[in-house]
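Residue strings, one per chain:
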Amino acid sequence: MFTDMTLHTALEDPAQPEILALLKAGEEHSAQLYPAESNHHVALDGLRVSNVRFFVTRDDGRAVATGALVLHGSWGELKRMWVVPGARGSGVSKAILAKLEAAALNEHVNVLRLETGVQNHAALGLYRRAGFVQRGPFGEYRHDPLSVFMEKELRGSPNSH
């Protein structure tokens, strides 16, 4: 477990060896929980396109979390949220989620959406506590009994009520 963390979250290129290892760990975790057709990871090339903002949270220089914001005009999708096991429960996930929400507001995004798995209890709890509510499939997703789809209207966005 990490203690006395000094967190810094910033935009980074995901094609760094240390970050690739985190992305792979997230994929391996998902593969243990769900069949391949229920995993919806964005590939490395997809994380490096112009409508994606890829963030890394570091503790004293060491990458401890990743998260991406995929821009779809007035809405955005959270992808590739991953916190290394040793840093879980220390506020890292809240920190990167806050950075992703701030980036979304900066990009004039009104609604954040995400897909996660039914077995990702910690992630589901984080998103619910952050104000996300369950919804149906969106974008290119289809109904999947192993998926949970959520969204959050962002306060402070130009078109929020």
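For the structure itself, consult the block above.
Since this is a predicted model, take the numbers as computed values, not measurements.

Draft legend 1. Molecular detail of the overall build of the protein chain. A count of helical and extended segments in the protein chain gives four helices and seven strands. Across the protein chain, helices and strands are ordered from the amino to the carboxyl terminus as β-α-α-β-β-β-α-β-α-β-β. The globule rule puts the C-alpha radius of gyration for 161 residues at 15 Å, and the 15 Å found for the protein chain is close to it. When its C-alpha atoms are laid out on the principal axes, the protein chain stretches across 40 × 35 × 30 Å. Per-residue burial for the protein chain yields a buried fraction of 45% across its 161 residues.

Draft legend 2. Structural detail: the pairing of strand S5 (residues 111–117). For S5, the tally of buried residues reaches seven of seven residues, placing the bulk of the element in the interior. Bridge analysis of strand S4 (residues 75–83) against S5 gives four bridges, and the strand direction is parallel. Within S5, the position partnered with Leu78 by the bridge is Leu114.

Draft legend 3. Quick peek at the packing of aromatic side chains. For the coordinates displayed, the defined rule picks out five aromatic pairs. Where Tyr127 meets Phe132, the ring centres are 5.6 Å apart and the plane angle is 65°; that geometry is what we call edge-to-face. Judged on exposure class, the residue Tyr127 and its partner Phe132 are both buried. Pairwise contacts between aromatic rings join Trp75, Phe138, Tyr141 and Phe149 into one cluster.

Draft legend 4. Representation of the sheet that holds strand S3 (residues 62–72). Read from one edge to the other, the open sheet built from seven strands follows the order S1-S2-S3-S4-S5-S7-S6, with strand pairing classed as mixed. With one partner strand each, in any of the chains shown, strand S1 (7–11) and strand S6 (133–135) form the two edges of the open sheet. The sheet shows a mean angle of 30° between the axes of neighbouring strands, direction not considered. Alignment of S3 against S4, held across seven bridges, turns out to be antiparallel.

Draft legend 5. Highlighting the side chain of Lys79. Tracing the chain through its elements places Lys79 in strand S4. On the basis of relative accessibility, which here comes to 8%, the residue Lys79 falls in the buried class. In contact with Lys79, not counting residues within four places along its chain, are His40, Val42, Gly67, Ala68, Val70 and Tyr141.

Draft legend 6. Here's a closer look at unusual backbone geometry. A positive phi angle, close to 55°, is found at Arg80, a residue other than glycine. With respect to the secondary-structure elements, Arg80 resides in strand S4. Unusually for a residue other than glycine, His108 sits at a positive phi of about 65°. Looking at where His108 falls in the secondary structure, it is placed in the loop between helix H3 (92–106) and S5.

Draft legend 7. Expanded view of the environment of Arg113. Structurally, Arg113 can be placed in strand S5. Residue classification places Arg113 among the buried residues on the basis of a relative accessible area of 16%. Here the alpha-carbon distance between Arg113 and Glu37, two residues 76 residues apart in the chain, equals 20 Å.

Draft legend 8. Just the layout of surface pockets, in detail. One number sums up the size of the largest pocket: a volume of about 820 Å³. Contributing to the lining of the largest pocket are 36 residues, with Met81, Trp82, Thr116, Asn120 and Ala123 lying nearest its centre. Elements represented by at least two residues in the lining of the largest pocket include exactly helix H1 (17–33), S4, H3, S5 and helix H4 (121–129). Looking at the lining of the largest pocket residue by residue, the class counts come to 14 nonpolar, 16 polar and six charged.

Rules and cut-offs
Residues numbered from 1 in each chain as written. Predicted model: local features only at pLDDT ≥ 70, side-chain atom pairs only at ≥ 80, totals over all residues. Heavy atoms only, no water. Helix = DSSP H or I, 4+ residues; strand = E, 2+ residues; numbered from the N terminus. Rg over C-alpha atoms; globule rule 2.2 N^0.38 Å. Buried < 20%, exposed > 50% of the residue type's maximum accessible area, 1.4 Å probe, protein only. Pairing = 2+ DSSP bridges. Phe/Tyr/Trp six-rings, centres within 6.5 Å; stacked < 30°, edge-to-face > 60°. Axes fitted to C-alpha atoms, helices over the stretch in contact; angles between N-to-C directions. Contact = heavy atoms within 4.5 Å. 1 Å grid on protein atoms, 1.4 Å probe; cavity = no way out; pocket = protein on both sides within 12 Å on 5 of 7 lines; lining within 4 Å. Points joined across faces, edges and corners; volume = space filled by probe spheres on them. Nonpolar A, V, L, I, M, F, W, Y, C, P; charged D, E, K, R; others polar.

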